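# Geometric and topological summary
In case you want the letters, here they are:
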Amino acid sequence: MGEGFKIEVKDGDIPDSLRDFLRLILSNEEIDAVLTPLHLPDKTAVMPALVADPERLDAADPLSPAFPLNAARLASRLSRQASGGKVAVVLRPCEIRAFIELIKLKQGSRDELVIIGLDCLGALTNADFNRTADDANLTGRFYQSALGDRLEEDGFRLAPACLVCEHITPEQADIMVGLYGQEPGGGLFVKPLTRTGEKAMEGLKLAPCPEPGGRKKAIESLVARRVQARDEMFAATEEATDNLEKLTTYLASCVNCYNCRVACPVCYCRECVFTTDVFDHDPAQYLRWAVRKGVVKMPTDTVFYHLTRLAHMSTACVGCGQCSNACPNDIPVMEIFRTVSHKTQRSFGYLAGRSLDEAPPLSVFREDEFREVVGL
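Now for a description of the structure that goes with this document. Just so we're clear, the structure is a prediction, and the values are computed from it rather than from any experiment.

Here we come to the packing of helix H12 (residues 302–313) against helix H14 (residues 333–347). H14 packs onto H12 with a crossing angle of 40 degrees between their chain directions and a minimal axis gap of 10 Å. In terms of their interaxial angle, H12 and H14 are classed as oblique. H12 and H14 meet at a crossing whose hand is right-handed. Packed against H12, whose contacting residues are His306, Arg309, Leu310 and Met313, the element H14 presents Ile336, Phe337 and Val340 at the interface. When grouped by side-chain class, the residues that make up the contact of H12 with H14 number 5 nonpolar, 1 polar and 1 charged.

If you check helix H1 (residues 14–27), its first and last C-alpha atoms are 20 Å apart, about what 14 residues at 1.5 Å a residue would give, namely 20 Å. For H1, the full list of buried residues reads Ile14, Pro15, Ser17, Leu18, Arg19, Phe21, Leu22, Ile25 and Leu26.

This part is about unusual backbone geometry. A negative phi angle is the norm for most residues apart from glycine, just as the trans form is the norm for most peptide bonds. Pro299 follows Met298 through a cis peptide bond whose omega is -5 degrees. Positionally, Pro299 belongs in the loop between helix H11 (283–293) and H12. One non-glycine residue, Asp149, adopts positive backbone phi at about 55 degrees. Relative to the helices and strands, Asp149 resides in the loop between helix H5 (138–147) and helix H6 (160–163). In this structure Asp149 comes out as partly exposed when scored by relative accessible area, which is 48%. The residue Lys205 is not glycine, and still its phi comes out positive at about 60 degrees. Take Lys205: it is sitting in the loop between helix H7 (195–201) and strand S8 (207–208).

Here is what the cut-offs are and how they apply
Residues numbered from 1 in each chain as written. Predicted model: local features only at pLDDT ≥ 70, side-chain atom pairs only at ≥ 80, totals over all residues. Heavy atoms only, no water. Axes fitted to C-alpha atoms, helices over the stretch in contact; angles between N-to-C directions. Helix = DSSP H or I, 4+ residues; strand = E, 2+ residues; numbered from the N terminus. Parallel < 35°, antiparallel > 145°, perpendicular 65-115°, else oblique. Left-handed = near helix turned anticlockwise from the far one by under 90°. Contact = heavy atoms within 4.5 Å. Nonpolar A, V, L, I, M, F, W, Y, C, P; charged D, E, K, R; others polar. Expected span 1.5 Å × (residues − 1). Buried < 20%, exposed > 50% of the residue type's maximum accessible area, 1.4 Å probe, protein only.

It is worth stressing that arrangement in space is one thing and function is another; only the former is reported here.
The structure is reproduced here in structure tokens:
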């Protein structure tokens, strides 16, 4: 698309400048509301909220390290049927990618949305965020540490999924807000990436701005570190799960709460086979298993459940880590799902959420695919 623009940063306060930008977006007569992370009245919880009153954006906090859910589900809810209005949605890169997968699965549409994507600075786990949420300056300290590349030194521990995520820029957004490579004292770089984004920014009277000179280098450096950490995680996870006995141990504390399924943005089935009578076994069945095996772990079917989910949605996994975030027993669910999905997607030459033009694997027939497997 066209040129970039500058969001003025007043007194070094980036969050306040982003709030002003969202107010400008909402002032566009075509935009009816903005979906953005927002502090709830108790001042500690940060959750996505649909804001129609510009004054209520005073509590908006798009840079908060809170990540209580993947908002792709909310974008789906706002767009799977026509609303007659236009909503600007502020999403992380992994949320955008998950939403693109949901669109392919007929669970949403971009027609009435304007997607605003920010460079992702990462997030804390729910537990870590809740321990520090009463810090009024948490967001300010966090983004300054992230942009200064000193998160660990300043005591911030990113969620495991964020530490191994190499997709830190919102390539599929309508409007991109750049954070990496920002010049000290300079403005934020914002650029429309689609015609929808251009229309949403018409009349905002922002000054033209070239891409910051240090942006590309900063992104490449961080991505390289993330890829290295990702590959180390893959190797460790493969070692821990490379046979059925190890896999059973890895998943031993699973209680079949299905929180990971509920939290997963791309696990969209209205009815899951694991919540039907298929897995509501008769008491006599449990006794027969115990007699035959000598002992049977309860609840049953935990490994089967995870294997079924892997088979079902590994081609659509975006690695957001909400499965691990939701696990009550701290099973490293993200690690195994990301490891398997990376191999699955690579086998198909596919990357979840990369493009709406790429059909999901197994949804189309390619005659020349996997010849080495079928023997052609």
